[in-house]
2 protein chains.
Amino acid sequence: MQQVELDEDRNLRTAADRVFEALQDAIVRGDLKPGARVGETDLALRFGTSRGPLREALRRLESRHLVERTPHVGIRIASLEQHALIELYFLREALEGMAARLAATHMTDSEIEGIKALLAAHEKDEALKADTAYFQREGDLDFHYRIIHGSHNGALIELLVGELYHRIRMYRYQFSAYANRPQRAFREHQRIVEALEARDGDLAEMLMRRHISSARQNIENHLKESP
Amino acid sequence: MQQVELDEDRNLRTAADRVFEALQDAIVRGDLKPGARVGETDLALRFGTSRGPLREALRRLESRHLVERTPHVGIRIASLEQHALIELYFLREALEGMAARLAATHMTDSEIEGIKALLAAHEKDEALKADTAYFQREGDLDFHYRIIHGSHNGALIELLVGELYHRIRMYRYQFSAYANRPQRAFREHQRIVEALEARDGDLAEMLMRRHISSARQNIENHLKESP
DNA sequence: CTCGAGGCAATTGTCGACAATCGAGTTGAC
DNA sequence: GTCAACTCGATTGTCGACAATTGCCTCGAG
């Protein structure tokens, strides 16, 4: 049993907060294997706290679908099944499509400048790294985050950033091999930004939906080949 | 301080489950006024349990945005602001639009028969009750539930039914006066079902989005007139 | 040998008490 | 008279112990 170092730097208010963040990181990054069964007592010892705050952290993780609890039985790390990932992509298509539509009318000029600068940085970086996907992948997340926030719709932001994206990031860490075609994705990003700049909500939504839909189809094809 | 009767009938597994359901009902139905500050000790006494299970219930309600917690300060019943309701309708438009699209291809024939029967019942009932909105409103929820489930997308169902619709029901109970134009809504429902029957996903999504979008605009107009 | 019932260990659910933190009211100085 | 600091009360956060439920293992019968 290994003791885990908690983030004391950012002095989060309560012990439950610290445990929650530490556990979420451990799950998303794969330190705790998907499907593994974990006991409350073990975890409490490992994180150096009592079972009270730990249970609170677990409840929050459960509401984010990162762990699964069954009463009187125990806790399992969320198992990532492929069909669940596909389902998530339909949610993303609907929600981020709407985010792009709203962003086209609600983004400020400086926000659009910011996302253009981000793309410019990607272009240089991508020219260097070609297909080394890691940085591109984080950059991809950054791009989507900016558009989501650009919607200026609090409920939408909270839903996507606060609840859904942790699950998606977990899948990315685990199934790291899905080549998400950086060059093509980059071109699609460019077109979406053009639509935002033109304040064309209809077009922005359509392009975003195609972007996510083709990413989903790409994954589905990979799954068919190597299940 | 009034003792609250808990549902002992359906013998829910844990005390936390019972408190959660009772509290959720109390909030959605307005027994606990929005924005009111409540103390853990009071609630624990009122529901005849300890603070442990109560805190678990509060955690779950927080993740559904029915209560707001600030550390070391306390709990407030979620205050329903009008702009938040509008934001929710954009989520509904995106998600239920997608649900309708998926339902058009994934609904079974018997599910479609069921929703047609539901509409037929509404037609007779509506002819009788004209604009008495209550039953129509519950029927409206039933209609939407069926299409959501018809998507056969677990993540989408869980998100809409398990997380979003409780907030929407809360608003319905509070702002009960929004005449949601039963006749027009009924016609729109009919057309959506026609699209489902024709297995036309594009059309079903478009009609559902218009349906929800016009409901939102209707609310926005009411808010402008009587803020 | 297989199946079912019963007991046992382990884990979770629940409780009450203690400690930490925040907000309000009061008191004092400028 | 106003502002700031301090004290006090109340509320939440945390802990450890006890009770309840589950799953597994053993034992016995067919």
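The subject of this paragraph is the overall build of chain A. Tallying secondary structure elements over chain A gives 9 helices and 3 strands in all. Across chain A, helices and strands are ordered from the amino to the carboxyl terminus as α-β-α-α-β-β-α-α-α-α-α-α. Split into buried and exposed, the 227 residues of chain A put 50% on the buried side. A separation of at least 24 residues holds for 78% of the contacts in chain A among residues at least 6 apart in sequence. For chain A, the exposed area adds up to about 11200 Å²; of that, 49% sits on carbon and sulfur atoms.

So, on to the interface of chain A and chain B. Counting residues at the interface gives 31 residues for chain A and 30 residues for chain B. Summing both sides of the interface, chain A and chain B together bury roughly 2500 Å²; the carbon and sulfur share of this comes to 59%. Where chain A meets chain B, there are 6 salt bridges. For R55 of chain B, the salt bridge identified is with E56 of chain A, shortest N-O distance 3.4 Å. Counting only elements with at least two residues in the side of chain A that touches chain B, the list comes to α3 (51-63), α4 (82-106), α7 (154-174) and α9 (201-225) of chain A. With 10 residues, the single largest contributor to the side of chain A that touches chain B is α4 of chain A.

Space inside the largest pocket adds up to approximately 1200 Å³. Along the wall of the largest pocket there are 49 residues; nearest its centre are R59, E62, V67, E68 and R69 of chain B. Considering every element that reaches the lining of the largest pocket, the biggest residue donor is α7 of chain A, with 6 residues. Looking at the lining of the largest pocket, its residues break down into 17 nonpolar, 12 polar and 20 charged. Of the pockets and cavities examined, the second largest pocket occupies roughly 890 Å³. Of all the elements in the fold, those that place two or more residues in the lining of the second largest pocket are α3, β2 (67-70) and β3 (74-77) of chain A together with α1 (15-28), α3 (51-63) and α7 (154-174) of chain B. Partitioned by chemical class, the residues of the lining of the second largest pocket number 8 nonpolar, 10 polar and 15 charged.

Below, the discussion takes up the protein's contact with DNA strand C. Surrounding DNA strand C, one finds 22 residues, the nearest of these being R51, R55 and R69 of chain A together with A15 and T49 of chain B. Within 4 Å of the protein, the atoms of DNA strand C are drawn from sugar and phosphate moieties in a proportion of 76%. Within the contact set of DNA strand C, a phosphate oxygen lies 2.6 Å away from a side-chain nitrogen or oxygen of R55 of chain A. One of the backbone N or O atoms of H72 of chain A is found 3.5 Å from a sugar or linking oxygen in DNA strand C. Every element with two or more residues in the surface near DNA strand C is listed here: α2 (40-46), α3 and β3 of chain A together with α1 and α3 of chain B.

This paragraph deals with the environment of T108 of chain A. Residues and elements named next belong to chain A. Here T108 shows up in the loop between α4 and α5 (109-129). For T108 and H152, which are 44 residues apart along the polypeptide, the C-alpha to C-alpha distance reads 9.8 Å. A distance of 3.1 Å separates polar atoms of two side chains, one belonging to T108 and the other to S110.

Unlike most non-glycine residues, H152 of chain A shows phi in positive territory, near 55°. Turning to its location among the elements, H152 of chain A is positioned in the loop between α6 (133-150) and α7. Given a relative accessible area of 42%, H152 of chain A falls into the partly exposed group. Here H65 of chain B, not a glycine, exhibits a phi torsion of approximately 65°, which is positive. Checked against the element boundaries, H65 of chain B lands in the loop between α3 and β2 (67-70). Given a relative accessible area of 26%, H65 of chain B falls into the partly exposed group.

Moving on to the sheet that holds β3 of chain A. Residues and elements named next belong to chain A. The strand order β1-β3-β2 describes an open sheet built from 3 strands, whose pairing is antiparallel. Looking at the sheet topology across the chains shown, the edges are occupied by β1 (37-38) and β2. Sheet analysis places β2 next to β3, joined by 4 bridges and oriented antiparallel. Bridge pairing in β3 places T70 opposite G74. Contacting β2 and β3, α3 runs over the sheet at an angle of about 110° to β2.

Residue and element names in this part refer to chain A. Contact geometry for helix α8 (residues 182-197) and α9: axes closest at 8 Å, N-to-C directions at 165°. Classed by the angle they form, the pair α8 and α9 counts as roughly antiparallel. Judged by the twist between their axes, the crossing of α8 over α9 is left-handed. For the pair α8 and α9, the contacting residues are R184, A185, E188, H189, R191, I192, A195 and L196 in the first and L203, A204, L207, M208, H211 and S214 in the second. Grouping the amino acids of the contact of α8 with α9 by side-chain chemistry returns 8 nonpolar, 3 polar and 3 charged.

Taken together, 22 residues lie near DNA strand D, and A15 and T49 of chain A together with R51, R55 and R69 of chain B sit nearest. Each atom of DNA strand D within 4 Å of the protein was classed as base or backbone; sugar and phosphate made up 76%. The separation between a phosphate oxygen of DNA strand D and a polar side-chain atom of R13 of chain B is 3.3 Å. Backbone polar atom of H72 of chain B to a sugar or linking oxygen of DNA strand D: 3.5 Å apart, as the coordinates give it. Elements supplying a minimum of two residues to the surface near DNA strand D: α1 (15-28) and α3 of chain A together with α2 (40-46), α3 and β3 (74-77) of chain B.

What counts, and at which threshold
- Residues numbered from 1 in each chain as written.
- Chains lettered and ligands numbered in written order.
- Predicted model: local features only at pLDDT ≥ 70, side-chain atom pairs only at ≥ 80, totals over all residues.
- Heavy atoms only, no water.
- Helix = DSSP H or I, 4+ residues; strand = E, 2+ residues; numbered from the N terminus.
- Buried < 20%, exposed > 50% of the residue type's maximum accessible area, 1.4 Å probe, protein only.
- Contact = heavy atoms within 4.5 Å.
- Areas by Shrake-Rupley, 256 points an atom, 1.4 Å probe, with all protein chains shown as cover.
- Buried area = accessible area lost by both parts, 1.4 Å probe.
- Salt bridge = Lys/Arg side-chain N within 4 Å of Asp/Glu carboxyl O.
- 1 Å grid on protein atoms, 1.4 Å probe; cavity = no way out; pocket = protein on both sides within 12 Å on 5 of 7 lines; lining within 4 Å.
- Points joined across faces, edges and corners; volume = space filled by probe spheres on them.
- Nonpolar A, V, L, I, M, F, W, Y, C, P; charged D, E, K, R; others polar.
- Near = heavy atom within 4 Å.
- Polar contact = N/O pair within 3.5 Å; in protein donor to acceptor, adjacent residues only side chain to side chain.
- Pairing = 2+ DSSP bridges.
- Axes fitted to C-alpha atoms, helices over the stretch in contact; angles between N-to-C directions.
- Parallel < 35°, antiparallel > 145°, perpendicular 65-115°, else oblique.
- Left-handed = near helix turned anticlockwise from the far one by under 90°.

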